[in-house]
Amino acid sequence: MKLLADENMPYVQELFGDWAEIVTCAGRDMTPDQLADVDVLLVRSITQVNEALLAQAQRLSFVGTATIGCDHIDTALLARRGIAFASAPGCNKVAVGDYVLAALLKVAEHKSWQLADKTLAVVGVGNTGSQVAARARALGMKVLLCDPFKAQGDPTAFVELAHALTADIVSFHVPLTREGQHATWHLLNESAIDGLSSEQVLINACRGDVWDNAALLARQLGSTPLTLVMDVWEHEPEVLAPLVPHVLLASPHIAGYSLEGKARGTFALYRALCELKQVEMVLSPEQLLPAPPIGAVHLESPLDQGLIARLVKLVYDIERDDRAFRLALGQPGFFDRLRKHYPQRRELGSLQLINAGQTASELGFKV
Ligand SMILES: NC(=O)C1=CN([C@@H]2O[C@H](COP(=O)(O)OP(=O)(O)OC[C@H]3O[C@@H](n4cnc5c(N)ncnc54)[C@H](O)[C@@H]3O)[C@@H](O)[C@H]2O)C=CC1
Ligand SMILES: O=C(O)C(=O)[C@H](O)COP(=O)(O)O
């Protein structure tokens, strides 16, 4: 069996090495001729799996994406051609929760806010949005939920987008969709942006095209700019460079890039392929991971916002990502290079807080 995998997918050798001849390459460089004799294709979000890529793929029987988002995969094409498909729902939801928690704490420092006095709206309340909502509640924030699909089951628990956009902080966690009543392409469009006040904060850790970046730049260049946190950008790997100086925290689509999240992503494809081939799984995700650099911290004072910020930074320093982004911005290929060489980042759950209570656990730490 021949397996072609994105070179930025960890643990492929460990998980598939016994079964397959493994070839890896850069996800954006995969070509139709490379797929001519491939049985299994494993990709990340940057490979468009479409008619053009699969034109010569005569032997392909399985495509897997080690990601949550599937907007890069023509799933109808795979179904038509009888090619099995798997994604990795939820694999990096904890990492996105960590990223947004770190961002909220930086925003609070920047604006001298006590987060417990503020309201956060979560737009898209699935795997990642729910993680964000739980952490915000643990910080004592009031949380508004906006998700028209989930609202069908429980209308009173959700608000409309217009209401969500009145919150102090609005965090977006929707898939990229271009069709239907609730399509998310440019969900944050010029008119929505115009309706916001300069006190408000927006976070995008889902897909760049969900925000109209040109309209945001126009707003930022005016007299009442917003506070922005952007992990994703329209037209990646290109970035609207003039927008970056007007963004508080900027990063190259790494919100989900914890080591645990990446391991779970590859593992989900291993599990799916084992099921398909009716082969017994011999490894678990935990067996793949190294010990974390810091195992435990003994708390001697109660958790307050300042202490939470210090503890989060011990595990994940979001400002490091922001500095690396600004330093590299403009260099050819900088976006993909930062992603390829992203340092090992562990989840908050890798750190045990001794003498901490329920709040620490709700924030994502091990207690
Ligand atoms: N920056 C990064 O590193 C990462 C980005 N993502 C992106 O985030 C997206 C969300 O991930 P998950 O939460 O795991 O997906 P999910 O599928 O679990 O949840 C998405 C939620 O959005 C809701 N939704 C759809 N259209 C909506 C609309 N117009 N308004 C409000 N809600 C809407 C759905 O009903 C669903 O509950 C992924 O599709 C992916 O594109 C995911 C992981 C990492
Ligand atoms: O899971 C998703 O969806 C994501 O956006 C991934 O975290 C992004 O990682 P890459 O696939 O772009 O490496």
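Cut-offs used in this document
Each chain has its residues counted from 1, following the order in which its sequence is written. The naming scheme follows written order: chains are lettered A onward, ligands numbered 1 onward. Where local features are concerned, this predicted model is filtered to residues with pLDDT of at least 70; where side-chain atom pairs are given and counted, the filter is 80 or more; whole-chain, interface and lining totals use all residues. Note: side-chain values were computed over all heavy atoms of the structure, leaving out hydrogens and water. Summary of the distance rule: residues count as near a molecule or strand when at least one heavy atom falls within 4 Å of that molecule or strand. We call two N or O atoms a polar contact when they sit within 3.5 Å, provided that within protein one can donate a hydrogen and the other can accept it, with sequence-adjacent residues counted only if both atoms are side-chain atoms. Per-residue and other accessible areas were derived by the Shrake-Rupley procedure at a 1.4 Å probe size, with only the shown protein chains allowed to occlude residues. Each helix is a run of DSSP H or I of at least 4 residues and each strand a run of E of at least 2, with the numbering of both proceeding from the N terminus. For this classification, the nonpolar set comprises Ala, Val, Leu, Ile, Met, Phe, Trp, Tyr, Cys and Pro, the charged set comprises Asp, Glu, Lys and Arg, and every other residue, Gly included, is treated as polar. The criterion for strand pairing is that DSSP finds at least two bridges linking the strands in question. By definition here, a helix of n residues has an expected span of 1.5 Å times n minus one. Burial classes: relative accessible area under 20% of the type maximum marks a residue as buried, over 50% as exposed, and values in between as partly exposed (1.4 Å probe, protein chains only). Any two residues whose heavy atoms approach within 4.5 Å at even a single point are treated as in contact. UniProt positions are given in the numbering used here, feature names are shortened, and annotations may be inferred rather than shown by experiment. Lines fitted to C-alpha atoms define the axes here, with helix axes fitted over just the stretch in contact, and angles between the N-to-C directions of these axes take values from 0 to 180 degrees. With the strands aimed away from the viewer, a crossover counts as right-handed if its path from the first strand over the helix to the second runs clockwise.

S.K.: I would appreciate a short explanation of the site of ligand 1 in the present structure.
M.R.: Surrounding ligand 1, one finds 29 residues, the nearest of these being Asn 127, Thr 128, Asp 147, His 182 and Asp 231. Take Gly 256: an N or O atom from its main chain is 3.0 Å from an oxygen atom of ligand 1. Coverage of ligand 1 by the protein chains reaches 88% of its 860 Å² of free accessible surface. Secondary-structure elements contributing two or more residues to the shell around ligand 1 are α4 (127-138) and α5 (148-151). Within the shell around ligand 1, the residues separate by chemical class into 13 nonpolar, 12 polar and 4 charged.

S.K.: Can you help me understand the sheet that holds strand β10 (residues 227-230) in this one?
M.R.: Strand pairing in a sheet takes place through backbone hydrogen bonds and is either antiparallel or parallel in direction. Strand order in the open sheet formed by 6 strands is β7-β6-β8-β9-β10-β11, with parallel pairing between adjacent strands. Edge positions in the sheet fall to β7 (142-146) and β11 (249-250), since each of these pairs with one other strand and no more.

S.K.: Please clarify how the site of ligand 2 should be interpreted in this entry.
M.R.: Around ligand 2, the neighbouring residues are Arg 44, Ser 45, Thr 67, Ile 68, Gly 69, Asn 92, Arg 207, His 253, Tyr 257 and Arg 339. In the model, an oxygen atom of ligand 2 is placed 2.6 Å from a nitrogen or oxygen of the Arg 44 side chain. At a separation of 2.4 Å, an oxygen atom of ligand 2 approaches a polar side-chain atom of Ser 45. For ligand 2, the protein covers 94% of the area, taking 350 Å² as the surface of the free molecule. For the shell around ligand 2, the class distribution of residues is 2 nonpolar, 5 polar and 3 charged.

S.K.: How should α4 be read in this particular structure?
M.R.: Residues lying three or four places apart along an α-helix face the same way, a consequence of the helix completing one turn every 3.6 residues. For α4, spanning 12 residues, the distance from its first C-alpha to its last is 17 Å, which sits close to the expected 16 Å at 1.5 Å a residue. Taken together, the buried positions of α4 are Thr 128, Gly 129, Gln 131, Val 132, Ala 133, Arg 135, Ala 136 and Ala 138. Considering only its buried residues, α4 is in contact with α3 (93-111), β6 (119-123), β7, β8 (169-172) and α14 (358-363). After α4 finishes, the residue Gly 140 shows a positive phi value of roughly 90°.

S.K.: Teacher, can you tell me more about the UniProt feature "active site" (unreviewed entry) in the chain here?
M.R.: Cross-referencing UniProt, the feature "active site" (unreviewed entry) maps to Arg 207, Glu 236 and His 253 in the present numbering. In terms of the greatest pairwise C-alpha distance, the residues named above, spread along 47 residues, form a tight cluster of at most 9.5 Å across. Topologically, Arg 207 is positioned in the loop between β9 (201-204) and α8 (213-221). Apart from residues no more than four positions distant in its own chain, Arg 207 is found in contact with Ser 45, Gly 69, Asp 71, Leu 176, Val 232 and His 253. Mapped onto the elements of the fold, Glu 236 is located in the loop between β10 and β11. Glu 236 sits in the partly exposed class, given a relative accessible area of 24%. Contacts of Glu 236, omitting those with residues within four sequence positions, involve Arg 28, Asp 231, His 253 and Phe 335.

S.K.: Before we go on, may I ask you to explain the sheet that holds strand β3 (residues 40-43) in this structure?
M.R.: Strand order in this open sheet of 5 strands is β2-β1-β3-β4-β5, and the pairing throughout is parallel. Each edge of the sheet is formed by a strand with only one pairing partner; in this case those strands are β2 (21-25) and β5 (84-86). Averaged over all pairs of adjacent strands, the angle between strand axes in this sheet comes to 15°, irrespective of strand direction. Pairing between strand β1 (residues 2-6) and β2: 5 bridges, direction parallel. Note on β2: the bridge partner recorded for Leu 4 is Val 23. Contacts between helix α9 (residues 259-277) and the sheet are confined to β3, β4 (62-65) and β5, with β4 contributing the most and set at about 160° to the helix.

S.K.: Just to check I follow, could you spell out the pairing of β9 for this structure?
M.R.: On a regular strand, each side chain points to the face opposite its neighbour's, so the side chains alternate between the two faces of the sheet. Every second residue of β9 is oriented toward a common face, with Val 201 and Ile 203 on one face and Leu 202 and Asn 204 on the other, all of them buried. Of the strand pairs in this sheet, β9 and β10 are connected by 4 bridges, and their pairing is parallel. Paired with Leu 202 across the two strands is Leu 228, which belongs to β10. Following the chain from β9 across α8 to the adjacent parallel β10, one finds a crossover that is right-handed.

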